[in-house]
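Inside the fold
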Amino acid sequence: MTIKIACPTCGPRPYTEFSFGGELRDLDAPTPHEDFVRVYLRENAPGPQDERWYHAFGCRRWFQVTRDTVTNRTGA
Amino acid sequence: MATIDFEGKRVPLRDGDTVGSALYRAGVRTFTRSLKHHRRRGLYCMTGDCPNCLVTVDGQPGCRACTTPAREGATVRRESGWPSTERDVLKITDHLHRFMPVGFYYKVFVRPRWAWEFAEKIIRRATGIGALPMGQAPRMKPSRHVHTDVLVVGGGAAGLAAAKAAGGTGARVLLCDEGVPGAAIAPGAARDRVVALARELDAVSNVTVLAGHTAVGVYDGPLVPVVGPDELLQIDPGRVIVATGAVETHAVFPGNDLPGVWLGRGAARLAGVHGVAPGDRAVVVADSVEGILHLGTLKAAGVTVLAAVVPEALAEAVPTDIEVLRGAKVLAAEGRSHLTAVRLSTQQGERTIECDVLTLSVGSAPRDGLLRMSGDVSVCGAGEVVLPGCSLEEAEASGAAAGVGAGEETPREPDPVAMGVDGYVCLCADVSVHDLEAAWAEGWQSSEILKRYTTATMGPCQGAMCGRHLAAFAAAGAASSGAGARTTARPPARTVRLGDIAGGVNEVIPKHTALHDTHGAAGARLDWSGSWIRPYHYGDWRGEYRAVRERVSLMDVSTLGKFLIAGRDATALVDRVFPTRVTDLTPGRSRYLLALDEAGYVMDDGLICALPDGRYYLTSTSGGADRMEAGLRNWADRFGIRAHVMNQTAMLGAINVAGPHARDLLAELSDDDLSAGAIRYPGHAEVTIAGVPCRAVRVGFVGELSFELHHPRSCSVALWTALIEAGAEWDIRPHGLDALDLLRMEKGHLYLAQDTLPDDYPDKLGLGWAVAMDKGDFIGRSSLERMAALPSERKLVGLRFDAEPQRGVPLMTGDRIVGRVTSCGHSPSLGYGVGLGWLRSVDGEFPSALTANGVGCRVVPTPFYDPEGARLRA
């Protein structure tokens, strides 16, 4: 499997150059329960998902990517 | 004369021979025994599609004899049947069908349960597949990434035309073909045209033709792995054009698997390309013009064609000396070990013709596995794979259109397949029409579950021969339309060796410090430690241990993660990310650093040093450097903090000078003030040692007076050498990881991942003191607050043993397991065994008197050695 990921610095590159940073999550939550959900629970839903990716074997930049978890197609 | 060794006999070769053609010329007719029924199988497709000719070539099992080039001196063995493929006593299974019903795996030997253990061994042995070469390391091919604008799979007329057209637009084009373009095509206009096209492409610089390269799958992306003779290519194309053509339709009737029954192109290829007559007397079944052409090819090779079974429209095209059977139908092929006669239904009634060759050109089955497994819009088909049965001109036109990216070809539905009253649908797994009917009657009534139950389409051919038959069978009986769909195509589409799949995975690039060769020259045992190669000892780890505790020693710690944090918001970044208090850290001071994740779990530890002008110098563990960098960059990005993170791991070396005489040694090589007042523990200073500019960092990992000298990597050897020379006065010697393990354990220092688990938060590790809960927010804070409310159930403790301890053993109270020893060893300085281990609370309390594999031990506070830390603060 290969996913092409468009790095804002380097352009589209194969996903093997990147580290996956997981689903995009909030930085904090208003209540302890919501914080628990924020930290431990993942949506893992089919369809488009906002994710964090890190160009580890490239420019080492973090950025957000929208990936369809069913088709692996990336981009807005 | 060139020969190959075939089961001890020398078989002569001619130019262009494949293993199959050479053996056939030498009289070999049975190439394999079938999987279940041990029926004789011989050459059939000659294109590498069917499973009938799998042999072992030079120890490699599962080679297709029909397409494997015969190399001078190669050894070839057949691989199925016992005691041999020719005389196989297991052929008895052919007469025991009722004991091996479809799905017999699920039915036979189910009871008694113990029987399966024995039966399985016998069954596995009996199945007609080759033996893996044991005791021989797999030949792993290197892997290479290739980027190209257009990838064309298949070097037939359509593929070559596509490559030519795409090349004409200036695109970079790669074309891969399993063999050599044209070589697998039976003689005639198509072969000539393909050879001419291939020659044309030789002259085009932006088109590369890779012969002997097999595309095995199309993955999302698209990514196309291509297995070449010497390497695995991972091709990353802009567009893929699948031009894999078609195999002739496998006809199903009783006896359809007998040696002597051929696909038309197979027989023609053997006769026309290799000059080997498939037999003496042939019956030819041809539904197409191409099939008629084969008549001449067979005749030229010396085969007498007794009769041609053709549709009315083609009757005129058959040469007059051959009997024409208009619209006849093959009912059965007869013969015990080889075809001896064909039974036909003709307009004049049933008729049997004695012959030893039956060729079948009854339609075209697209090799569409690659096309169907890809959902990607940038993958399209050209030629016979989408237009089964198309003419040469149509194939070329379709390729040319695909090459320039013109509108996609709508796949043309191939002619429906017809099945006789019986016969083998799936040659790979010996699934007959009767088997499918039996499975259907048992309720397995869709193509997908028929496939799983009967294993049809799951063999080496991956449904190339039988996929459409299975779907047609299901469609004919099914109530719903979905039940008769083709089964899902998945990679690999072609046979792949394990060594090919593993291509490139063994390519780990070891990291060396600048002192690698110096350690080697000093007699170090160098080995992997994470991704680094590091010294474990220099011949005498106990002597190295004593050097640290009693005199002075060096260790190469260049592998530590080293980071410079700079920029306007440098303090804000480290303060927001780490649980360590940093705002009161004045230049020249250092502090132990913990890195947590959002769940509050300890990811890494290290040291933070405050530099002048608001910058920070961070160290992390050797294995955690990349994670530390990624984490810092992530949080800087997410919080919008304006700070630079510079990973200096590779540009800086680091040497730890440790031992009671560490300061004495450095003083010999430096004019700087190294006193406890000038560089306090924990603190750091910029100094010059032996002419090398160093950041000297006071650290306490080994529990003695220590200075970590961080310096430009290019100076590592000079600095190390100067230290060793000046240290002769104190009988200096370097220490490796073995000595370090005991040194740090005596201090109760943990190794992350060895002594910890992925879900350890600081309190569990006794590191609560390193978390400043009274400062502002940091990563993991909310989780630590949440966990603080939970009772402590498990913690890492120091252990003192009564006798020689063992690592990894369970800790017990009575007969109850309450923990585990994670690190331990005999301490020469203390005279008893010490260690670290996990302990679980029992009824709300942590037990203190334990046994570890029979050795008594008790929980004691750490550090074991120099608990006040007087030595390291010296």
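Conventions and cut-offs
Counting of residues starts from 1 at the beginning of each chain's written sequence and follows it residue by residue. Ligands are numbered from 1 and chains lettered from A, in the order in which they are written. Two thresholds apply to this predicted model, a pLDDT of at least 70 for residue-level local features and 80 or more for giving and counting side-chain atom pairs, whereas whole-chain, interface and lining totals are computed over all residues. For helices the rule is a DSSP run of H or I covering at least 4 residues; for strands it is a run of E covering at least 2, with both sets numbered from the N terminus onward. Using C-beta atoms placed from the backbone, we call a residue buried if 20 or more other C-beta atoms fall within 10 Å of its own, exposed if 12 or fewer do, and partly exposed for counts in between. C-beta atoms are first placed from the backbone for all residues, and any pair lying within 7 Å is then listed as a contact. One bridge is not enough; two strands pair if DSSP finds at least two bridges between them. What counts as an axis is a line fitted to C-alpha atoms, over the stretch in contact for a helix, and the angles between N-to-C directions run from 0 to 180 degrees. By the convention adopted, Pro, Cys, Tyr, Trp, Phe, Met, Ile, Leu, Val and Ala count as nonpolar, Lys, Arg, Asp and Glu as charged, and the other residues, Gly among them, as polar. The arc in question is formed by the directions pointing from the helix axis toward the C-beta atoms. Throughout, the term roughly parallel applies to angles under 35 degrees, roughly antiparallel to angles over 145, roughly perpendicular to angles from 65 to 115, and oblique to all others. Crossings are assigned a handedness: left-handed for a near helix turned anticlockwise from the far helix by less than a right angle, right-handed for a clockwise turn. Values of pLDDT, which run from 0 to 100, indicate the predictor's confidence residue by residue. Note on terminology: a nonpolar core is a set of buried residues of type Ala, Val, Leu, Ile, Met, Phe, Trp, Tyr or Cys, with members joined through C-beta atoms within 7 Å.

A count of helices and strands for chain A gives 1 helix and 5 strands. Listing each helix as α and each strand as β along chain A from the N terminus yields β-β-β-α-β-β. The buried share of chain A, taken over its 76 residues, is 14%. Relative to all contacts within chain A whose residues are 6 or more apart in sequence, the contacts with residues 24 or more apart total 52%.

Quick look at the overall build of chain B now. On a plain count of helices and strands, chain B comes out with 22 helices and 45 strands. Considered along the principal axes of its C-alpha atoms, chain B spans approximately 115 × 70 × 60 Å. For chain B, the residues scored as buried account for 50% of the 874 residues in total. Sequence separation of at least 24 residues holds for 67% of the intrachain contacts in chain B that already meet a minimum separation of 6.

Now for the sheet that holds strand 6 (residues 60–64) of chain B. Residue and element names in this part refer to chain B. Pairing in this open sheet of 5 strands is mixed, and the strands run 2-1-7-5-6 from one edge to the other. The strands lining the two open edges of the sheet, one partner per strand, are strand 2 (9–12) and strand 6. Between one strand axis and the next, the sheet turns through 40 degrees on average, direction left out of account. As paired elements, strand 1 (residues 3–6) and strand 7 (residues 75–78) share 2 bridges and run parallel to each other.

A word on the pairing of strand 7 of chain B. Residue and element names in this part refer to chain B. Burial of strand 7 is one-sided: the residues Val76 and Arg78 facing one way are buried, the residues Thr75 and Arg77 facing the other way are not. Two strands pair when backbone bridges link them, and strand 5 (residues 54–57) and strand 7 are joined in this way by 3 bridges, in the antiparallel orientation. Across the sheet, the residue bridging to Val55 is Arg78, located in strand 7.

Below, the discussion takes up the environment of Pro587 of chain B. Residue and element names in this part refer to chain B. Note that Pro587 resides in the loop between helix 16 (570–577) and strand 31 (590–596). Taking the C-alpha atoms as reference points, Pro587 and Gly614, 27 residues apart in sequence, are found 8.1 Å from one another. If we ignore the near neighbours within four places in the chain, the residues touching Pro587 are Ala610, Leu611 and Pro612.

Here the focus is the sheet that holds strand 42 (residues 816–827) of chain B. Residues and elements named next belong to chain B. Ordered by their spatial adjacency, 6 strands build a closed barrel running 40-43-42-41-44-45, and the pairing between neighbours is antiparallel. Sheet twist, expressed as the mean angle between neighbouring strand axes with direction ignored, is 40 degrees. Two elements, strand 42 and strand 43 (residues 832–840), share 8 bridges in a ladder whose sense is antiparallel. Its bridge partner being in strand 43, Val821 is matched across the sheet by Gly837. Across the sheet, helix 20 (residues 737–746) is in contact with strand 42 and strand 43; its angle to strand 42 comes to roughly 115 degrees.

If you look at the interface, chain A gives 20 residues, while chain B gives 16 residues. Within the residue set of the side of chain A that touches chain B, elements represented by two or more residues are strand 3 (19–23), helix 1 (32–40) and strand 4 (48–54) of chain A. It is helix 1 of chain A that provides the largest number of residues to the side of chain A that touches chain B, a total of 5 residues. The residue makeup of the side of chain A that touches chain B, split by class, is 11 nonpolar, 5 polar and 4 charged.

Turning our eyes to something else, we now look at helix 18 (residues 662–669) of chain B. Residue and element names in this part refer to chain B. Residues Ala662, Arg663, Leu665, Leu666 and Leu669 constitute the buried set of helix 18. An end-on view of helix 18 places all buried positions within 160 degrees of arc, on one side of the element. On its buried side, helix 18 packs onto strand 35 (652–658), strand 36 (684–689), strand 38 (706–712) and helix 19 (716–726).

The next point concerns the packing of helix 4 (residues 157–168) of chain B against helix 5 (residues 189–202) of chain B. Residues and elements named next belong to chain B. Two elements in contact, helix 4 and helix 5, have axes separated by 9 Å at closest approach and are oriented at 25 degrees. In terms of axis orientation, helix 4 runs roughly parallel to helix 5. The handedness of the crossing between helix 4 and helix 5 comes out as left-handed. Residues Ala157, Leu160, Ala161, Ala163 and Lys164 of helix 4 pack against Ala190, Arg193, Val194, Leu197, Ala198, Glu200 and Leu201 of helix 5. Of the residues that constitute the contact of helix 4 with helix 5, the class distribution is 9 nonpolar, no polar and 3 charged.

The next point concerns unusual backbone geometry. Residues and elements named next belong to chain B. Note the cis peptide between Pro491 and Pro492, where omega equals 0 degrees. Here Pro492 lies in the loop between helix 12 (467–477) and helix 13 (498–501). Cis rather than trans, the peptide bond between Thr862 and Pro863 has omega equal to -5 degrees. Of note in the backbone geometry, His38 takes a positive phi value of approximately 55 degrees without being a glycine. A positive phi is found at Thr455, a non-glycine position, where the angle reads about 65 degrees. Looking at the element boundaries, Thr455 is found in the loop between helix 11 (447–454) and helix 12. Judged by the 20 C-beta atoms lying within 10 Å of it, Thr455 falls in the buried class.

With that settled, the discussion passes to the confidence of the model for chain A. The pLDDT averaged across chain A works out to 90; a share of 96% of its residues lies at or above 70. Element-level mean pLDDT values for chain A span from 86 in strand 2 (residues 11–14) of chain A up to 95 in strand 4 of chain A.

All names here are of chain B. Along the chain, the position of Ser620 falls in strand 33 (residues 616–620). For the pair Ser620 and Val552, spaced 68 residues apart in sequence, the C-alpha to C-alpha distance is 24 Å. Once residues within four sequence positions are removed from consideration, Ser620 is found in contact with Leu560, Gly561, Asp604, Gly606, Ala625 and Met628.

Residue and element names in this part refer to chain B. Remark: helix 10 (residues 433–441) packs on helix 11, axes separated minimally by 10 Å, with the N-to-C direction vectors making an angle of 115 degrees. Looking at the two axes, helix 10 sits roughly perpendicular to helix 11. Relative to helix 11, helix 10 is oriented so that their crossing is right-handed. Residues Asp435, Leu436 and Ala439 of helix 10 form the contact with helix 11, whose participating residues are Leu450, Tyr453 and Thr454. Grouping the constituent residues of the contact of helix 10 with helix 11 by class yields 4 nonpolar, 1 polar and 1 charged.

Residue and element names in this part refer to chain B. Ranked by size, the top nonpolar core spans 145 residues in total, and within it Val152, Ala162, Ile241, Ala308, Val309, Leu358 and Val425 carry the most contacts. For this core, the element with the highest residue contribution is helix 4, accounting for 8 residues. Ignoring sequence-local partners within four residues, the contact set of Ala162 consists of Val152, Ile241, Ala243, Ala382, Gly399, Ala400, Ala402 and Gly403. If you look at the next biggest cluster of nonpolar residues, it comprises 96 residues, including Ala595, Tyr601, Leu719 and Leu811.

The next point concerns the confidence of the model for chain B. When pLDDT is averaged along chain B, the result is 91; 98% of the residues meet or exceed 70. The complex model carries a pTM of 0.75, and its ipTM stands at 0.97.

Attention now moves to the pairing of strand 33 of chain B. Residues and elements named next belong to chain B. Buried residues dominate strand 33, accounting for 5 of its 5 residues. Neither face of strand 33 is open: one carries Tyr616, Leu618 and Ser620, the other Tyr617 and Thr619, and all of them are buried. Bridging between strand 32 (residues 602–610) and strand 33 involves 5 bridges; their strand directions are antiparallel. For Ala610, the partnering residue across the bridge sits in strand 33 and is Tyr616. Hairpin connection between strand 32 and strand 33: a loop of 5 residues separates the two successive antiparallel strands, and Asp613 in this loop has a positive phi of roughly 50 degrees.

Okay, the environment of Val797 of chain B next. Residue and element names in this part refer to chain B. In this fold, Val797 is placed in strand 40 (residues 794–801). Val797 sits in the buried class, given 22 other C-beta atoms within 10 Å. As for Val797 and Glu629, which are separated by 168 residues in sequence, their C-alpha atoms are 30 Å apart. Setting aside residues no more than four positions away along its own chain, Val797 makes contact with Gly837, Leu839 and Val859.

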